[in-house]
Amino acid sequence: MILIIDFGSQYNQLIARRVRECEVYCQIEPPEISIESIKSLNPQGIILSGGPASTYETGSPAISADIFHLDIPVLGICYGMHFMIQAMGGIVEHSEKREYGFAELSLAEGSRIFAGIDPITPCWMSHGDVAATLPEGFQVIASTAGTPIAAVEHPQKKLFGLQFHPEVEHTPMGREMIRNFLFDICKCDRTWTMKSFAEEAIRDIRDMVGTKKVILGLSGGVDSSVTALLLHQAIGRNLTCIFVDNGLLRKTEREKLRKVFRQHLRINIRFVNAGNRFLKALTKVVDPEKKRKIIGRIFMDVFEAEAAKIPDAEFLAQGTLYPDVIESRSAFGGPSSVIKSHHNVGGLPKKMKLKLVEPLKYLFKDEVRRLGSEIGLPDEMVWRQPFPGPGLAIRIIGEITRKRLEMLREADDLLMDEIRKAGFYRRLWQSFAVLLPLKSVGVMGDHRTYEHVIAIRAVTSLDAMTADWARLPHDLLSRISNRIINEVKGINRVVYDISSKPPSTIEWE
Ligand code: XMP
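Below or above, wherever it landed, is the structure these notes cover. All values derive from a computational prediction rather than experimental measurement.

A few points about the overall build of the chain
When its secondary structure is counted, the chain shows 15 helices and 18 strands. With the principal axes as the frame, the chain shows a C-alpha extent of 85 × 60 × 40 Å. Here the chain holds 509 residues, and the buried ones make up 54% of them. Intrachain contacts of the chain at a sequence separation of at least 6 include 74% that bridge at least 24 residues. Carbon and sulfur atoms make up 51% of the accessible area of the chain, which totals about 23,100 Å². Between the averaged position of the 66 positive side-chain charges in the chain and that of its 62 negative side-chain charges there is a distance of 10 Å.

Looking at the site of the ligand
By nearness alone, 12 residues border the ligand, and Arg292, Gln430, Lys501, Ile506 and Glu507 come closest of all. Gly389 is positioned with one of its backbone polar atoms (N or O) 2.9 Å from an oxygen atom of the ligand. Backbone polar atom of Ile506 to an oxygen atom of the ligand: 2.8 Å apart, as the coordinates give it. Bound to the protein, the ligand loses 79% of the 490 Å² it would expose on its own.

A word on the pattern of salt bridges
One pass over the full model with this rule turns up 37 salt bridges. A salt bridge links Asp223 to Lys365; the shortest N-O distance between them is 3.2 Å. Within this pair, whereas Asp223 is found in helix H6 (residues 222-235), its partner Lys365 is found in helix H12 (residues 365-374), the two being separated by 142 residues in sequence. Residues Asp497 and Arg457 are paired through a salt bridge, measuring 3.3 Å at the closest nitrogen-oxygen approach.

A look at the state of the cysteines
Here, the word disulfide means a covalent bond between the sulfur atoms of two cysteines. Evaluated as defined, the whole model comprises zero disulfides. Of all cysteine sulfurs, the one in Cys188 lies closest to Cys22, which takes part in no disulfide; the gap is 9.1 Å. Cys188 provides the cysteine sulfur closest to Cys186, a residue in no disulfide bond, and the two sulfurs are 5.0 Å apart.

A word on the sheet that holds strand E3 (residues 45-48)
Whenever strands of a sheet pair, they do so through backbone hydrogen bonds, lying parallel or antiparallel. The nine strands are arranged E2-E1-E3-E4-E9-E8-E7-E5-E6 in an open sheet whose pairing can be described as mixed. Strands with a single pairing partner mark the edges of an open sheet, and in this sheet they are strand E2 (26-29) and strand E6 (120-133). Across this sheet, the average inter-strand angle for adjacent strands is 20°, counted without regard to direction. Each of E3, strand E4 (74-77), strand E5 (91-107), E6, strand E8 (151-154) and strand E9 (159-162) touches helix H3 (residues 79-87); the most contacted strand, E4, lies at about 120° to it.

What to know about the packing of H6 against H12
H12 packs onto H6 with a crossing angle of 45° between their chain directions and a minimal axis gap of 10 Å. Classified by the interaxial angle, the pair formed by H6 and H12 is oblique. The interaxial crossing formed by H6 with H12 has left-handed handedness. From H6, Val222, Asp223, Val226 and Leu230 reach across to H12, where they touch Lys365, Val368, Arg369, Leu371 and Gly372. Among the residues making up the contact of H6 with H12, the classes are represented as five nonpolar, one polar and three charged.

Topic: the pairing of strand E1 (residues 2-5)
Side chains Ile2 and Ile4 of E1 all project onto a buried face; the interleaved residues Leu3 and Ile5 project onto the opposite face, where all are buried too. Relative to E3, E1 runs parallel, the two being bridged by four bridges. From the neighbouring strand, Ile2 faces E3, where its bridge partner is Gly45. Alignment of E1 against E2, held across four bridges, turns out to be parallel. Following the sheet pairing, Ile4 is matched in E2 by Ile28. In this region the chain leaves E1, passes through helix H1 (residues 12-21) and returns to the parallel neighbour E2; the handedness of that crossover is right-handed.

Notes on the sheet that holds strand E10 (residues 213-217)
Taken in spatial order, the five strands make up an open sheet running E12-E11-E10-E13-E14, and their pairing is parallel. Since the sheet does not close on itself, it has two edges, and those belong to strand E12 (269-273) and strand E14 (355-357), each with one partner. Between one strand and the next, the sheet's axes are offset by a mean angle of 30°, whatever the strand orientation. Pairing of E10 with strand E13 (residues 313-317), which is carried by four bridges, proceeds in the parallel orientation. Residue pairing for E13: Val214 is matched across the bridge by Phe315. Against the sheet, helix H5 (residues 194-209) contacts E10, E13 and E14, and its axis sits at roughly 165° relative to E14.

Remarks on helix H9 (residues 288-307)
In a regular helix each residue adds 1.5 Å, so 20 residues correspond to 28 Å; H9 covers 28 Å between its end C-alpha atoms and thus fits that length. Residues Lys291, Ile294, Ile295, Ile298, Phe299, Val302, Phe303, Glu306 and Ala307 constitute the buried set of H9. A distance of 3.2 Å separates the backbone nitrogen of Glu289 from a side-chain oxygen at the start of H9, and that oxygen is part of Asp287.

Here's the deal with the side chain of Glu418
With respect to the helices and strands, Glu418 occurs in helix H14 (residues 402-421). At 2.9 Å, the side chain of Glu418 and the side chain of Arg483 are in polar contact. Setting aside residues no more than four positions away along its own chain, Glu418 makes contact with Leu476, Arg479, Ile480 and Arg483.

Some details on the packing of aromatic side chains
Summed over the entire model, instances satisfying the criterion amount to 13 aromatic pairs. Relative to Phe83, the ring of Phe68 has its centre 6.3 Å away and its plane inclined at 40°; by these criteria the two rings are tilted. Within this pair, whereas Phe68 is found in the loop between E3 and E4, its partner Phe83 is found in helix H3, the two being separated by 15 residues in sequence. Taken individually, Phe68 and Phe83 each receive the classification buried, so the pair is uniform in this respect. Summarising the aromatic geometry, the rings of Phe299 and Phe303 are spaced 5.7 Å apart at their centres and angled 20° between planes, so their arrangement reads as stacked. Residue Phe299 and its partner Phe303 are both found in helix H9; the two are separated by four residues, about one turn of the helix. Its relative accessible area of 15% is what places Phe299 among the buried residues. Classification of Phe303 as buried rests on a relative accessible area of 0%. Each member of the aromatic cluster is reached from another via a ring pair, and the members are Phe7, Phe68, Tyr79 and Phe83. Above the face of the Phe424 ring, Arg427 is positioned so that its terminal group lies 4.2 Å from the ring centre.

What counts and what doesn't
- As a convention, each chain's residues are numbered from 1 in the sequence order in which they are written.
- For this predicted model, a pLDDT threshold of at least 70 governs which residues receive local features, and a threshold of 80 or more governs which side-chain atom pairs are given and counted, while totals over whole chains, interfaces and linings are taken from all residues.
- Hydrogens and water are ignored here; the side-chain numbers use all heavy atoms of the structure.
- The way it works is that DSSP assigns letters per residue, a run of H or I at least four long becomes a helix, a run of E at least two long becomes a strand, and they are numbered from the N terminus.
- When accessible area is computed with a 1.4 Å probe and restricted to protein chains, residues below 20% of their type maximum are described as buried, those above 50% as exposed, and intermediate ones as partly exposed.
- In this analysis, two residues are considered to be in contact whenever any of their non-hydrogen atoms come within 4.5 Å of each other.
- Computed with a 1.4 Å probe, the accessible areas rest on the Shrake-Rupley method; for each residue, only the protein chains presented here act as cover.
- Counted as positive: Lys and Arg. Counted as negative: Asp and Glu, with His and the chain ends omitted from the count.
- Each charge is placed at NZ for Lys, CZ for Arg, CG for Asp and CD for Glu.
- Here, proximity means that at least one heavy atom of the residue falls within 4 Å of the molecule or strand.
- Polar contact is the term for a pair of N or O atoms within 3.5 Å; when the atoms are in protein, one must be able to donate a hydrogen and the other to accept it, and sequence-neighboring residues count only if both atoms are side-chain atoms.
- Any Lys or Arg side-chain nitrogen located within 4 Å of an Asp or Glu carboxyl oxygen qualifies as a salt bridge.
- What counts as a disulfide here is a pair of cysteine sulfur atoms lying within 2.5 Å.
- Any two strands with at least two DSSP-identified bridges between them are counted as paired.
- Note on geometry: axes are lines fitted to C-alpha atoms, helical ones only across the stretch in contact, with angles between N-to-C directions running from 0 to 180 degrees.
- Angle categories: roughly parallel below 35 degrees, roughly antiparallel above 145, roughly perpendicular from 65 to 115, and oblique for all the rest.
- Crossings are assigned a handedness: left-handed for a near helix turned anticlockwise from the far helix by less than a right angle, right-handed for a clockwise turn.
- In this classification, the charged set is Asp, Glu, Lys and Arg, the nonpolar set is Ala, Val, Leu, Ile, Met, Phe, Trp, Tyr, Cys and Pro, and all remaining amino acids, among them Gly, are polar.
- By convention, a crossover is right-handed whenever its connection, traced from the first strand over the helix to the second and viewed with the strands pointing away, goes clockwise.
- Multiply 1.5 Å by the residue count of a helix minus one, and that product is the helix's expected span.
- Ring geometry is summarised as follows: Phe, Tyr and Trp rings, the Trp one being its six-membered ring, pair when their centres sit within 6.5 Å, and such pairs are stacked at plane angles under 30 degrees, edge-to-face over 60 and tilted between the two.
- Distance and angle both matter: a charge sits over a ring if NZ of Lys or CZ of Arg is within 6 Å of the ring centre and within 35 degrees of the ring normal.

What follows is the structure in structure tokens.
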């Protein structure tokens, strides 16, 4: 494995992604990690991340300099390189010339980390400090016009420092540099596969849980679905999944879920039909945040009451992912076990005195999908578009009534049918219909109509942080519009949302 020390860079997760793309396992740890813990992790290489601080400031993040004497190769990136240089006796200072953005890197001949890379190659710089004096044994292996010491190496000790960021897309040969570090310098093997992960995760769950009972809140999203199947394969009937039907689901969601999980995968699952309770509490509520609060509160109550029917349960399983774990730590480390509360079940474990099982907490989203496929989760679940916990409630702008829910559900179902048929489902991050709180005039046959408006939202995105409206073909939009207006009673107009995020959001509420 490769150990990544987190000095607070915004690119830390990217470094981890790059390493794992090479099928090498890596773990991000705060700089406070002890040398003993590092030794017990037995990494084949260590990467020191960048960070916003300056090494010469008091209180800047630091790790014991002993890591440079463990006979383990170390790659320092930006702040990580400065830290290495300073810790080994060199000098880092503030530069008058801040370098930010593209720079042309000139490589010296012969460094193994640059093997196979052209001597002139672009790189991405983002720093205000530079290495001024190198410690003994280090040599310069690359420079740019503005930064004479842009990369360094101590060949005997296998220590490397890069002033630029090899992990970002803007450094086109950065992947190659990371590969050289992993395979040529650290001698890593490509063992990080989802098959090996699944086997290990199942073993770990059995060790942790033994013959005790586990509860899991199943939403049907990919994270909770993969968690459920993994636990099912580890402990079988000792897992009970609880699915709360809040009456705000898409048209066929509940049936699809029942078919896949109960009939096909034979997972132990309880369906709680709580639609009436949710709808009653939402009567006349218009404010989106109020809707969310009400839905969250009732979900907790319903879930807790159902879980209480399994009195000897000792564990709660959650589909927490690695980005949540990393983000929940403070910038410079802190207690690594603090987990960001999950959308819908946050607060439950403490209240219910259950211990957490989080088998996905070292995985990124795309890895969860690969794991799902590996353990036999059907494609329709693996590639499901995200669906928000509050469901259709935040897609009915204004008041929620049964009639309006029904209209939206029908329109949304037709939309999804056309999107699937056109082969767009997987290419879109999300696609859905929104019911607007206004009526407009139309004409059907010889009659004037005065009916509701549906907005179509379809976006592409990598992580929902930013999103762009999808350039759907006009004939597909036309089919969607025709079908909704013809087949859904009460709708006489369909509009397409052409806003990106930011400044808009994906959901309308
Ligand atoms: P926005 O609308 O903020 O949405 O661009 C970003 C992503 O989050 C989802 N979303 C939610 N998911 N509970 C959830 O579980 C919520 O209250 C919620 N609000 C938004 C949204 O669908 C999108 O994927």
